[in-house]
2 protein chains.
Amino acid sequence: MQIIHVHVSVKPEFIEAFKQATIENARNSVKEPGIAHFDVLQQIDNPTKFILVEIYKTAGAPGAHKETAHYKLWRDAVMKMMSEPRQGIKYVNIFPGDENS
Amino acid sequence: MQIIHVHVSVKPEFIEAFKQATIENARNSVKEPGIAHFDVLQQIDNPTKFILVEIYKTAGAPGAHKETAHYKLWRDAVMKMMSEPRQGIKYVNIFPGDENS
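It should be emphasised that the depicted structure is a prediction, and the values quoted were computed from it without experimental measurement. (Residues numbered from 1 in each chain as written. Chains lettered and ligands numbered in written order. Predicted model: local features only at pLDDT ≥ 70, side-chain atom pairs only at ≥ 80, totals over all residues. Heavy atoms only, no water.)

Here's the deal with the environment of Glu67(B)
Residues and elements named next belong to chain B.
Working step 1: Here Glu-67 is to be found in the loop between α2 (61-66) and α3 (69-78).
Working step 2: Residue Glu-67 is classed as exposed on the basis of its relative accessible area, which comes to 57%.
Working step 3: In the structure, Glu-67 is positioned 29 residues away from Phe-38 in sequence and 16 Å away in space, judged by C-alpha atoms. (Helix = DSSP H or I, 4+ residues; strand = E, 2+ residues; numbered from the N terminus. Buried < 20%, exposed > 50% of the residue type's maximum accessible area, 1.4 Å probe, protein only.)

Dropping the structure here:
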């Protein structure tokens, strides 16, 4: 299991457009065989801050995701919406372990 | 659904002790009726950084969690292990919505 939290800062005027584009990407992403979860979170005390919580089943799944049409559409659509480059941080799951996932 | 990411920075010499104490807390926390998820993540490129991903079912559940014996035991045990005060950030789930949780 591979866990990536992608932190995105969005320009205030694009918050709603970013949400719509990202929901569409997430809806398609969860259909990919290598993706276990693709959650989209918005920070309550700062609605310009989002996290995409991406949980992949295999080592090759993140690369496969970046080759999909829905990812490329999202990537291009949100480019102008972000106030700074997004940042992906990788995590290992300590609890629960993979046996419970 | 209430989502809190608790960011914890741990002194290097306490990484293993923190993991054990936090796994024990998580094992007990997931038995609480108000808790949907209680995941523990360790950052891959900086193993002193952890996130507790806490997902609560009701508005009262976070308060109830802080009254449990296992939370108080964890809170006291990890006090000396942290290199700075921990920080909780609250999120709302944009995708999936509560209907899918």
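Examining the interface of chain A and chain B
Working step 1: Taken together, the 24 residues of chain A in the interface contact 24 residues of chain B.
Working step 2: Of the roughly 2200 Å² buried between chain A and chain B, counting both surfaces, carbon and sulfur atoms make up 75%.
Working step 3: Applying the counting rule to chain A against chain B returns 0 salt bridges.
Working step 4: Mapped onto the side of chain A that touches chain B, the elements with two or more residues apiece are β1 (2-9), α1 (15-29), β2 (35-43), β3 (49-56) and β4 (87-95) of chain A.
Working step 5: The element best represented in the side of chain A that touches chain B is β4(A), accounting for 7 residues.
Working step 6: Summarising the sheet, β2(A) and strand β4 (residues 87-95) of chain B pair through 4 bridges and their orientation is antiparallel. In the strand pairing of β4(B), Val40(A) is matched with Phe95(B). (Contact = heavy atoms within 4.5 Å. Buried area = accessible area lost by both parts, 1.4 Å probe. Salt bridge = Lys/Arg side-chain N within 4 Å of Asp/Glu carboxyl O. Pairing = 2+ DSSP bridges.)

Quick word on the pairing of β3(A)
Residue and element names in this part refer to chain A.
Working step 1: By the criterion of burial, β3 is predominantly enclosed, with 7 of the 8 residues buried.
Working step 2: Pairing of β1 with β3 involves 8 bridges; the strand directions are antiparallel. From the neighbouring strand, Ile-3 faces β3, where its bridge partner is Ile-55.
Working step 3: Both β2 and β3 contribute to a ladder of 7 bridges, which runs antiparallel. Bridge pairing in β3 places Gln-42 opposite Phe-50.

Details of the relation of the copies chain A and chain B
Turning one copy of the chain about an axis and sliding it along that axis gives the other copy, so a rotation and a shift relate them.
Working step 1: Note on the copies: chain A fits chain B at an RMSD of 0.0 Å, the axial shift is 0.0 Å, and the rotation between them is 180 degrees. The symmetry that links the two subunits is that of a two-fold axis. (Least-squares fit on C-alpha atoms with pLDDT ≥ 70 in both.)

Thoughts on the packing of helix α1 (residues 15-29) of chain B against α3(B)
Residues and elements named next belong to chain B.
Working step 1: Two elements in contact, α1 and α3, have axes whose closest approach is 9 Å; the angle formed by their N-to-C orientations is 165 degrees. The angle between α1 and α3 falls in the class roughly antiparallel. Our pair here, α1 against α3, has a crossing hand that is left-handed. Seen from α1, the contacting residues are Phe-18, Ala-21, Thr-22, Asn-25, Asn-28 and Ser-29; seen from α3, they are His-70, Tyr-71, Trp-74 and Val-78.
Working step 2: Residues that form the contact of α1 with α3 fall into these classes: 5 nonpolar, 5 polar and no charged. (Axes fitted to C-alpha atoms, helices over the stretch in contact; angles between N-to-C directions. Parallel < 35°, antiparallel > 145°, perpendicular 65-115°, else oblique. Left-handed = near helix turned anticlockwise from the far one by under 90°. Nonpolar A, V, L, I, M, F, W, Y, C, P; charged D, E, K, R; others polar.)

Function cannot be read off these values alone, since they describe shape.
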